Structures are given as C-alpha cells and as structure tokens.
Amino acid sequence: MNKYMQMALKEAQKSLQLDEVPVGAVIVYQDKIIAKAHNLKEHSKNAIAHAEILAIEKACKKIGDWRLNECTMYVTLEPCLMCAGAMIQCRLGHLVYAASNSKFGYVESIDQILNNSKNNHIVKVEKEENEECLKLLQSFFQKKRKSPLNSNANSV
C-alpha cells in the first residue's frame, strides 16, 4: 500500500472510533499532503460531511483556489455520486481509491461519472485494491447489522 493510501486508512480508522462509516481521504499536491479528512456524517449530523467533501474543502483553503487539477485524492472507498460530483466541480486531477462500493459507488460500480465525456472535466481514476481498507469496511457493517439498536445499519 502506498504511503498516501496508508494515511487515508488512518483517517478511516478515526471515523471508526466515532462509530462512523470508516472512510478516509487524503489530497496530495506536489508530493505533499495538503488535506486529510474522515467521515463525520453521524457525528456532525450533516449529510454532506463525507471524507472526500471535507478533504476538498481543506485543500481548496490550503492552496487558495477552488481548482484542484494538479492534485490527487486517495480515498479508502469508491466515492458516492455527491463526492464524485464535487471532484468534477473542483477539477480534481486524479483519484485513487481502494475498495468498490456496490451500493453507492459512482466511479465504476453504479456508473462512471468521473470519465463521462459529457462533463467539462475528466478525472483520471485508478483503483488500488487494498484488503485492509476492505476488511475495515466489512467489519464495520457486519457489526452494525448484528446490533439490534442500530436502524441505520445499511446506510453509507
């Protein structure tokens, strides 16, 4: 696993400690991490507090521009439609993700939003399959499904 995906995994573990879906994201510019974030949707009671969105906000502030075309995002789970849309909007240059998301993924699983020629920007996409990221997610959802107290067991 490359060092940036390893850092994204550490961010995902922070989400896990908060009982959030364990997703972490890191944005790199000129071989330096400029932003990192993890899911905070439940903790913040905010539907858009996904790791990718939070990382994009931080990266834009860090470089002083909304355009991230020279940046690469590393994320532990295939992005949802909202996050993929944000990547197009910020003109993200490159996305590397570790695990597919069959229920909500809009990079390859449900649709291929980031490389749609109708968009005004195409994001270069790379899948770097990672067992640690996948196991972290699977373990989280297995525990949630077993818990009788959690009615949101299938939501990401």
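Just above, that's the structure.
Please read all numbers here as calculations on a predicted model, not as lab measurements.

## Here's the deal with the packing of helix 3 (residues 51–63) against helix 4 (residues 81–89)
Turning to step 1, where the next piece is worked out: Here helix 3 crosses helix 4 at 25°, and the two axes come no closer than 9 Å. For the element pair helix 3 / helix 4, the angle class is roughly parallel. Note that helix 3 runs across helix 4; the crossing there is left-handed. In contact with Glu52, Ile53 and Ile56 of helix 3, helix 4 contributes Met82, Cys83, Ala86 and Met87.
Turning to step 2, where the next piece is worked out: Looking at the contact of helix 3 with helix 4, its residues break down into six nonpolar, no polar and one charged.

## Structural notes on the pattern of salt bridges
Turning to step 1, where the next piece is worked out: Throughout the structure, instances matching the rule amount to four salt bridges.
Turning to step 2, where the next piece is worked out: In this structure, Lys14 engages Glu11 in a salt bridge whose closest nitrogen and oxygen atoms are separated by 2.9 Å. Of this pair, Lys14 and Glu11 both sit in helix 1 (residues 3–17), three residues apart, roughly one helical turn.
Turning to step 3, where the next piece is worked out: Close ionic contact of Lys127 with Glu108 constitutes a salt bridge, the shortest N to O distance being 3.3 Å. On the criterion of sequence distance, the pair formed by Lys127 in strand 5 (residues 124–127) and Glu108 in the loop between strand 4 (94–97) and strand 5 is long-range, its members being 19 residues apart.
Turning to step 4, where the next piece is worked out: Three or more residues joined by partner-sharing salt bridges are found here, namely Glu108, Lys127 and Glu129.

## With respect to the sheet that holds strand 3 (residues 71–75)
Each strand in a sheet pairs with its neighbour through backbone hydrogen bonds, running either in the same direction (parallel) or in the opposite one (antiparallel).
Turning to step 1, where the next piece is worked out: Taken in spatial order, the five strands make up an open sheet running 2-1-3-4-5, and their pairing is mixed. Each having just a single partner strand, strand 2 (32–38) and strand 5 make up the two edges of the open sheet. When strand polarity is set aside, the average angle formed by the axes of neighbouring strands in this sheet is 15°.
Turning to step 2, where the next piece is worked out: In this sheet, strand 5 lies alongside strand 4 in parallel orientation, the contact comprising four bridges. Note on strand 5: the bridge partner recorded for Val96 is Glu126.
Turning to step 3, where the next piece is worked out: Strand contacts of helix 3: strand 1 (24–29), strand 2 and strand 3, with the helix running at about 145° to strand 2, the strand carrying the most contacts.

Analysis parameters
- Residues numbered from 1 in each chain as written.
- Predicted model: local features only at pLDDT ≥ 70, side-chain atom pairs only at ≥ 80, totals over all residues.
- Heavy atoms only, no water.
- Axes fitted to C-alpha atoms, helices over the stretch in contact; angles between N-to-C directions.
- Helix = DSSP H or I, 4+ residues; strand = E, 2+ residues; numbered from the N terminus.
- Parallel < 35°, antiparallel > 145°, perpendicular 65-115°, else oblique.
- Left-handed = near helix turned anticlockwise from the far one by under 90°.
- Contact = heavy atoms within 4.5 Å.
- Nonpolar A, V, L, I, M, F, W, Y, C, P; charged D, E, K, R; others polar.
- Salt bridge = Lys/Arg side-chain N within 4 Å of Asp/Glu carboxyl O.
- Pairing = 2+ DSSP bridges.

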